Amino acid sequence: MATDDLRLRDASAVLDKAAHENFPVAPFFLPRAWREELMAVYGVVRLIDDIGDGDLAPAAGHARCLGVDPADARDPLRMLDAVEADLGTVFEGGVAGHPLVRALGPAAERGVLTPGPFLDLIAANRQDQHVSRYETYDDLVAYCALSANPIGRLVLAITGTETPERLRRSDAVCTGLQIVEHIQDVAEDLRRDRIYLPIEDMSLFHVSEADLAAPTAGASVRALVAYETERARGLLNEGTPLVGSVHGRLKLLLAGFVAGGRAAVQAVSAAGHDVLPGPPKPTRPRLLREAGAVLRGEG
């Protein structure tokens, strides 16, 4: 198979992960231009996260696209540096080496996007390489400002709807989505030697790291998960007025984001806050009910 075909296949494998997110990435009802730009953004965001999590497969193919020796393909910091350099190329009007980064070219050329949100995401993934525990909730929220909030800001940039108030509401939604995802993935994150439950909260509920490694959650872990889930719910509720501030198809998209978070919160609650056997996932009917409630302005 030709090298270009291999590169496109590897890029497609990254984009295919969009179907497994808690929120819609680029649904069919959006204008084609928005869908294309949202998928271009998603591709780079997923690439950055997969590098940081060590989930990039086959890593050597992506390394070649980025001009990295395949022998260094499993070095997250080296790969993140290469993505940052490739982003610099595309935002300076050049042709990026990686097809996922190259796809940002049209939006970058039109001035729709800036590199700042992508650099924040890279910073978050660099942080993941040396920070695996967060002492306080405020520390975790600061991390989410790098790892999650840029996504909403990119969506608002693509749709031309940025205002200070919308950015604030968007940040609340994105942080809430990130926290509920961490809650769903406690067991998976622990296998990577990462814990996104604040240490001070674990102490408050008398939860040890050994408790999180159990096959099922005891009463203390469930109480801790319920506490953090309510925090996520509060953030999602704080950000929900963002949906009512826009109109048309963008309103449907943002309702989908909020509904995805609310449905995930409901799934965690329905599991009795036992997330250790695996991430509780919302059903499609639950997602649709939550989307309807968000659109109707129900809390």
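Source: prediction; values computed, not measured. (Residues numbered from 1 in each chain as written. Predicted model: local features only at pLDDT ≥ 70, side-chain atom pairs only at ≥ 80, totals over all residues. Heavy atoms only, no water.)

Remarks on empty space enclosed by the protein
Let me state the cut-off plainly: The definitions used throughout rest on a 1 Å grid laid over the protein atoms alone, on which a cavity is an enclosed set of points accommodating a 1.4 Å probe that cannot get out and a pocket is an open set flanked by protein within 12 Å on both sides along at least five of seven lines; lining residues are those having an atom within 4 Å of a point. Grid points are joined across faces, edges and corners, and a volume is the space filled by probe spheres set on the points. Residues were grouped as follows: Ala, Val, Leu, Ile, Met, Phe, Trp, Tyr, Cys and Pro as nonpolar; Asp, Glu, Lys and Arg as charged; and all remaining residues, including Gly, as polar. A helix here means a DSSP run of H or I that spans at least four residues, while a strand means a run of E at least two residues long, and both kinds are numbered starting from the N terminus.
Inspection of every chain in the model, using the stated rule, returns 2 cavities of 30 Å³ or more. Looking at the largest cavity, its volume works out to about 40 Å³. Looking at the largest cavity, the residues that line it are His182, Val186, Asp189, Arg194, Ile195, Tyr196, Leu197 and Leu212. Among the residues forming the lining of the largest cavity, the class breakdown is 5 nonpolar, 1 polar and 2 charged. Looking at the second largest cavity, its volume works out to about 30 Å³. In terms of lining, the second largest cavity is formed by Leu140, Ile179, His182, Ile183, Tyr196, Leu197 and Glu228. Ranked by residue count, the leading element in the lining of the second largest cavity is helix 10 (residues 164–184), at 3 residues. Classifying every residue of the lining of the second largest cavity gives 5 nonpolar, 1 polar and 1 charged.

Things to note about the nonpolar core
The following threshold applies: We define a nonpolar core as any set of buried Ala, Val, Leu, Ile, Met, Phe, Trp, Tyr and Cys residues linked to one another through side-chain atoms lying within 4.5 Å. For every residue, the accessible area obtained with a 1.4 Å probe (protein chains only) is divided by the maximum for its type, and the residue is called buried under 20%, exposed over 50%, and partly exposed between those limits. Between two residues, a contact is recorded if the distance between any of their heavy atoms is within 4.5 Å.
Residues Leu87, Leu113, Phe118 and Leu212 are the most contacted members of the largest nonpolar core, which totals 80 residues. With 9 residues, helix 16 (residues 248–270) is the single largest residue contributor to this core. Ignoring sequence-local partners within four residues, the contact set of Phe118 consists of Val41, Val44, Ile48, Leu87, Phe91, Leu104, Leu113 and Leu154.

Things to note about helix 7 (residues 116–128)
Here is the rule: Multiplying 1.5 Å by the helix residue count minus one yields the expected span of that helix.
Taking 1.5 Å per residue as the helical rise, helix 7 with its 13 residues ought to reach 18 Å, and the 19 Å between its terminal C-alpha atoms agrees with that figure. Within the sequence span of helix 7, burial applies to Pro117, Phe118, Leu121, Ile122, Ala124, Asn125, Gln127 and Asp128.

Side note on the state of the cysteines
Our working rule: Cysteine sulfurs are considered disulfide-paired once they come within 2.5 Å of each other.
Scanning all chains against the criterion turns up 0 disulfides. The thiol sulfur of Cys174 is not disulfide-bonded, and the nearest other cysteine sulfur, from Cys144, lies at 9.8 Å. Overall, Cys174 belongs to the buried group, its relative accessible area being 9%.

Some points on unusual backbone geometry
Of the consecutive residues Ala57 and Pro58, the connecting peptide bond is found in the cis state with omega at -10°. Note that Pro58 resides in the loop between helix 2 (32–53) and helix 3 (59–65). Notably, His206 is not glycine yet its phi reads approximately 60°, a positive angle. Here His206 is to be found in the loop between helix 12 (199–204) and helix 13 (209–212). In this structure His206 comes out as exposed when scored by relative accessible area, which is 67%. Backbone geometry at His273 places phi at a positive 65°, although glycine is not the residue there. Inspection of the secondary structure assignment puts His273 in the loop between helix 16 and helix 17 (284–295). Among the residues examined, His273 registers a relative accessible area of 17% and is labelled buried.

Some details on the side chain of Arg194
Cut-off, in case you're wondering: Any N or O atom pair separated by 3.5 Å or less is treated as a polar contact, with the protein-specific requirement of one donor-capable and one acceptor-capable atom, and with residues adjacent in sequence counted only for side-chain atom pairs.
Along the chain, the position of Arg194 falls in the loop between helix 11 (186–191) and helix 12. The buried category is assigned to Arg194, whose relative accessible area is 7%. Here the side chain of Arg194 touches Gly52 through a polar contact of 3.0 Å, landing on its backbone oxygen. With near-sequence residues (within four places) excluded, Arg194 lies in contact with Gly52, Asp53, Asp128, Gln129, Ser132, Arg133 and Asp189.

A closer look at the packing of helix 9 (residues 149–158) against helix 10
What counts, and what does not: Only C-alpha atoms enter the line fits that serve as axes; for helices the fit covers just the stretch in contact. Angles between N-to-C directions range over 0 to 180 degrees. Angles are sorted into four bins: roughly parallel if under 35 degrees, roughly antiparallel if over 145, roughly perpendicular if 65 to 115, and oblique for all others. For any pair of crossing helices, the crossing counts as left-handed if the nearer helix is rotated counterclockwise from the farther one by less than a right angle, and right-handed if it is rotated clockwise.
For the pair helix 9 and helix 10, interaxial distance at closest approach is 8 Å and the crossing angle is 135°. Taken together, the axes of helix 9 and helix 10 lie oblique to each other. For the element pair helix 9 and helix 10, the recorded crossing hand is right-handed. Taking contact as the criterion, the partners of Asn149, Gly152, Arg153 and Leu156 in helix 9 are, on helix 10, Arg166, Leu167, Ser170, Asp171, Cys174 and Thr175. A class-by-class count of the residues in the contact of helix 9 with helix 10 yields 3 nonpolar, 4 polar and 3 charged.

Digging into the pattern of salt bridges
As a reminder of what qualifies: Salt bridges are defined by distance alone: a side-chain nitrogen of Lys or Arg within 4 Å of a carboxyl oxygen of Asp or Glu.
Counting across every chain of the model gives 21 salt bridges. Asp81 serves as the salt-bridge partner of Arg126, at 2.8 Å between the closest nitrogen and oxygen. Taken together, the positions of Arg126 in helix 7 and Asp81 in helix 4 (residues 76–91) put the pair 45 residues apart, joining distant regions of the chain. Close ionic contact of Asp201 with Arg231 constitutes a salt bridge, the shortest N to O distance being 2.7 Å. Taken together, the residues span a long stretch of sequence, with Asp201 in helix 12 and Arg231 in helix 14 (residues 219–239) at a distance of 30 residues. The exposure class assigned to Arg231 is partly exposed, which follows from its relative accessible area of 21%.

Structural measurements only, silent on function.
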